[in-house]
Amino acid sequence: MAMNDSVNILNSAYLAVEYIDSLMPDNPLQQPFKNAWNYMLDNYTKFQIATWGSLIVHEVSYFLLCVPGFVFQFIPYMQKYKIQPDKPETWEKQWKCLKTLIFNHFFIQLPLICGTYYFTEYFNIPYEWDEMPRWYVLVAQCFGCAVIEDAWHYFLHRLLHHKRIYKYIHKVHHEFVSPFGMQAEYAHPLETLILGTGFFIGIVVFCNHVILLWAWVICRLMETIDVHSGYDVPLNPLHLVPFYAGARFHDFHHMNFIGNYASTFTWWDRIFGTDSQFIAYQEKERKQQLATKKAN
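Just so you know, these numbers come straight off a predicted model, no measurement behind them.

Attention shifts here to the overall build of the protein. Of the regular secondary structure elements, the protein holds 11 helices and zero strands. Secondary structure elements of the protein, listed N to C terminal, follow the sequence α-α-α-α-α-α-α-α-α-α-α. Computed over its C-alpha atoms, the radius of gyration of the protein comes to 21 Å, within 12% of the 19 Å expected for a compact globule of 296 residues. Across its three principal directions, the C-alpha atoms of the protein cover 65 × 45 × 40 Å. Looking at the protein residue by residue over its 296 residues, the buried ones come to 42%. At a minimum sequence separation of 6, the contacts of the protein that also span at least 24 residues come to 73%. Accessible surface for the protein amounts to roughly 17200 Å². Of this, 66% is attributable to carbon and sulfur atoms.

Structural data, given as structure tokens:
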């Protein structure tokens, strides 16, 4: 009975969103996007699309999303939003980070991306425009992927902090006590494989079109670069996502080392109490701010 009720609720929600979508004006970008998509299908093989297309989506998205945080360090006004203002970025650290990223992207991630075509063939994942899911289905699928990845990340990330293995793998990522956006994928190759596995689980569960591969890549990069940005900027649209952790949450993990192990959401740390030090730190900061205001 409970299962039937849940299915009915989901069906009703889907119909409601579908009805609202039917009332919305046509998206002026849809036709150009359709033309570009069909041009890609007509001029490139599935292997080229799945492999080189995925690589381009990843690289372009990653470095474009890093641009705001990189530019912020040169704007004095933005320094009031920097979470650890006493630890500015340095050219030495950023260059070191970039070199490791290039190695990881092309010698660790690219071989994995090369398997994308065979994945889509094995599971008969379509590429055609007519079979592409609607935007709200895509949003729901990306959210589902994020929930799955977040659970994987919490438990495996916490395991990587175990004193017996930390120094061999995860210590590389923690070289930066004050993170910056480009450092999001700065990690030991084994960590890239271990934590990166969580990215693919949701794809296996939800993927019904190759567009989900790319949409989920962009969503995941947007999240991980944001939480590593080192800046807590107001009016961040990601804060509209329910239970979203954000930059302050993950920045504290780099600063404190213990706690706040989840990648995207706050619930696993809340359930297991691994956010207790973060909560105490926030309360201490709040009291200090109140005392400062009273003094002024």
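A few words on the environment of Trp267. Within the element layout of this structure, Trp267 appears in helix 10 (residues 267-272). The contact partners of Trp267, leaving out residues within four places of it in the chain, are Val147, Asp150 and Phe243.

The sites that carry the UniProt feature "domain: Fatty acid hydroxylase" (unreviewed entry) are, in the present numbering, residues 144-274. Between the first and last C-alpha atoms of residues 144-274 the distance is 23 Å; the span itself is 53% helix and 0% strand.

All right, on to the packing of helix 7 (residues 189-206) against helix 8 (residues 210-227) then. The packing of two helices is summarised by the inter-axis angle and the distance between the axes. Following both chains from N to C, one finds helix 7 and helix 8 inclined at 145°, their axes separated by 11 Å at the closest point. Between helix 7 and helix 8 lies a crossing of right-handed hand. The segment helix 7 lies against helix 8, with Phe199, Ile203 and Phe206 engaging Leu212, Leu213, Trp216, Val217 and Arg220. Taken together, the residues of the contact of helix 7 with helix 8 sort by class into seven nonpolar, no polar and one charged.

What is expected of a backbone is that most residues other than glycine have negative phi and most peptide bonds are trans. At Asn124, a residue that is not glycine, the phi angle is positive and equals roughly 55°. Mapping Asn124 onto the fold places it in the loop between helix 5 (116-122) and helix 6 (135-160). On the accessibility criterion, Asn124 (65% relative accessible area) is exposed. Phi at Phe257 takes a positive value of approximately 80°, unusual for a residue other than glycine.

Conventions adopted
Residues numbered from 1 in each chain as written. Predicted model: local features only at pLDDT ≥ 70, side-chain atom pairs only at ≥ 80, totals over all residues. Heavy atoms only, no water. Helix = DSSP H or I, 4+ residues; strand = E, 2+ residues; numbered from the N terminus. Rg over C-alpha atoms; globule rule 2.2 N^0.38 Å. Buried < 20%, exposed > 50% of the residue type's maximum accessible area, 1.4 Å probe, protein only. Contact = heavy atoms within 4.5 Å. Areas by Shrake-Rupley, 256 points an atom, 1.4 Å probe, with all protein chains shown as cover. UniProt positions renumbered as here; feature names shortened; annotations may be inferred. Axes fitted to C-alpha atoms, helices over the stretch in contact; angles between N-to-C directions. Left-handed = near helix turned anticlockwise from the far one by under 90°. Nonpolar A, V, L, I, M, F, W, Y, C, P; charged D, E, K, R; others polar.

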